[in-house]
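Observations on the three-dimensional arrangement
Single-letter residue listing:
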Amino acid sequence: MTTAQSASAHFPDSQVDVVLDLRQWPTPTDGQEALVTLWQQLEPGLYAKPLAAGALHVWESDAGRITVEIVRVDAQSRWAAEDTRFAIAAVRQQSALVYRCATCDRAGRSGYGSFRCRSCGDAGRPDRMCVDHAVVLDGSLLPSCPDHRPSCRGCSRTAVFWCAGRDCRTSVAWCEQHRKRHPQDPDTDYCPDCYRRAFPVCEEPGCSAVGTAECDWLDTAGHTCGRPACTRHARRWQVFGYERVGIGLCRAHSQVRSLSADEILWQICGTAGRRQGQRMPSLAAFGHNLRNAGHRELALDHHSIRARLTALHARMRSSGTSPALRAVERAAGDWDRQVKERIGTVEQGEVLVARLRAIVRELDYRFGAEIADGLTLAEYKPARPPASGGDLWIRVPEHLTGKFIGPQGSRIKEYKARLGMEIKLEDGRRRTSR
Ligand SMILES: [Zn+2]
Ligand SMILES: [Zn+2]
Ligand SMILES: [Zn+2]
Ligand SMILES: [Zn+2]
Ligand SMILES: [Zn+2]
Ligand SMILES: [Zn+2]
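Quick look at the structure, then.

1. Description of the overall build of the chain
Scanning the chain from N- to C-terminus turns up 12 helices and 21 strands. Rg of the C-alpha trace for the chain: 44 Å, well past the compact-globule value of 22 Å for 434 residues, more than 25% over. Principal axes of the C-alpha set define a box for the chain whose edges measure 150 × 45 × 35 Å. For the chain, with 434 residues in total, the buried portion stands at 28%. Within the chain, contacts between residues at least 6 apart in sequence are counted, and of these 54% link residues at least 24 apart.

Below is the structure:
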């Protein structure tokens, strides 16, 4: 920042050569004339002073400070006097500031603007700031100008640090009240939410174990609830079969039995879509989960389940929940095929129920006609080849169930033998096999 300007080569007849240091002298002294005038004021101050190379003479006033450094003295000159011939060998001056601090400028001072404020840059302002006026918060060296000093994301107080958490990624600032310090690293701070995520504690009251399981519940925008639970208190909604990890649920979201059908489909599709390697369930698997939550009619109606999944896909597409959206699109072909297969099994099931009605009429001469009239198909599940037969789920009016089963299950045993397959009764709330 300093320059050594050669004001004049030393005069051949000069006795003393000096360097004039004006770096702390803000009054402009440009040009030979201004320099000569200044020197005429300074020179008398040197009279009667001993002259030695390397000696410094300092003038100080409210306006600033000037230093004269003696760089050469000829052998005869011991003391400066009115007839001593001085020559200014060099002048040291504050160079013109390449970058000026805008805040200093406004106060009539000059400061070197080493920093740029990103917000000013974004707003097209060329302002820079000096080290004193740059606002640098803890957690990142990103400077801002005083005008753009960030305020707390949580409460709009003046911010003092950048959150190092997963969501804020040192680009969201917070105040002292919202600071959560890293347990070991004093240079790392978090906002409350990021802290909870980085150091989860089980949500169960009174439990302080590490919360390794997060609640997977999705809001309509596709964000997870995230409340942590330890392995002992984690709740799992086993929607992907018992051998796979189910949907994690916190206390607040654990009431899955009262959910609407569309909510169930969304939670299952959303979580399957977020998980690496999790296949979308089949329509039958959706049906199983719907039945467990009390949607018995819909559970058997794969055509309607498929239609609801189509509507869900449209909602996802309009809100752009991408991982689940893609997973739903990939599964669409499978679901369409399952609907077609299902139509086939429903027809087979109706044939089997018609056959069963005839058997009941034939074997139970007292109640057979009444039972046969009330008997309906719930679901037919063909056995996987090479096995034959399968499970025929039926519904029988409640007051006739006992008659249909017979003493010690004697009647239903006969029906099973005649029909050549398992017969299962679906009752009002859940499935029972007898
Ligand atoms: Zn400044
Ligand atoms: Zn700024
Ligand atoms: Zn705050
Ligand atoms: Zn944060
Ligand atoms: Zn716990
Ligand atoms: Zn939750």
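Following the structure, the description resumes.
2. Comments concerning helix 6 (residues 283-292)
By the burial criterion, the buried members of helix 6 are Leu283, Phe286, Gly287, Asn289 and Leu290. Along helix 6, the residues classed as buried sweep out an arc of 165° about the axis, all on the same side. Those residues of helix 6 that are buried lie in contact with helix 5 (261-274), helix 7 (296-300), helix 8 (302-319) and helix 9 (322-363). Of the residues one or two after helix 6, Gly294 is the one with positive phi, at around 95°.

3. Thoughts on the environment of Ala87
Structurally, Ala87 can be placed in strand 5 (residues 86-94). We classify Ala87 as partly exposed; it has 19 C-beta atoms within 10 Å. For Ala87 and Arg72, which are 15 residues apart along the polypeptide, the C-alpha to C-alpha distance reads 9.8 Å.

4. Overview of helix 5
One turn of an α-helix holds 3.6 residues; hence residues three or four places apart share an orientation. Here helix 5 contains 14 residues, and its C-alpha end-to-end distance of 20 Å stays within 8% of the 20 Å for a straight helix at 1.5 Å per residue. Of all 14 residues that make up helix 5, 10 are buried, and the element is covered over most of its length. Those residues of helix 5 that sit buried are Ile264, Leu265, Trp266, Gln267, Ile268, Cys269, Gly270, Thr271, Ala272 and Gly273.

5. Here we look at the nonpolar core
The biggest cluster of nonpolar side chains holds 34 residues, and the ones touching the most others in it are Leu265, Ile268, Cys269 and Val328. Put simply, the parts of the chain that give this core at least two residues each are strand 17 (247-249), helix 5, helix 6, helix 7, helix 8 and helix 9. With six residues, the single largest contributor to this core is helix 5. Leaving out residues up to four positions away in the same chain, Ile268 has contacts with Val239, Pro281, Phe286 and Asn289.

6. Remarks on the packing of helix 6 against helix 8
One can describe the packing of helix 6 onto helix 8 by two numbers: an axis separation of 10 Å at closest approach and a directional angle of 95°. Judged on the interaxial angle alone, helix 8 and helix 6 are roughly perpendicular. Side by side, helix 6 and helix 8 meet where Leu283, Phe286 and Gly287 of the first sit next to His302, Ile305 and Arg306 of the second.

Rules used in this analysis
- Residues numbered from 1 in each chain as written.
- Chains lettered and ligands numbered in written order.
- Predicted model: local features only at pLDDT ≥ 70, side-chain atom pairs only at ≥ 80, totals over all residues.
- Helix = DSSP H or I, 4+ residues; strand = E, 2+ residues; numbered from the N terminus.
- Rg over C-alpha atoms; globule rule 2.2 N^0.38 Å.
- Buried ≥ 20, exposed ≤ 12 C-beta atoms within 10 Å, placed from the backbone.
- Contact = placed C-beta atoms within 7 Å.
- Arc of directions from axis to C-beta.
- Expected span 1.5 Å × (residues − 1).
- Core = buried A, V, L, I, M, F, W, Y, C linked by C-beta atoms within 7 Å.
- Axes fitted to C-alpha atoms, helices over the stretch in contact; angles between N-to-C directions.
- Parallel < 35°, antiparallel > 145°, perpendicular 65-115°, else oblique.

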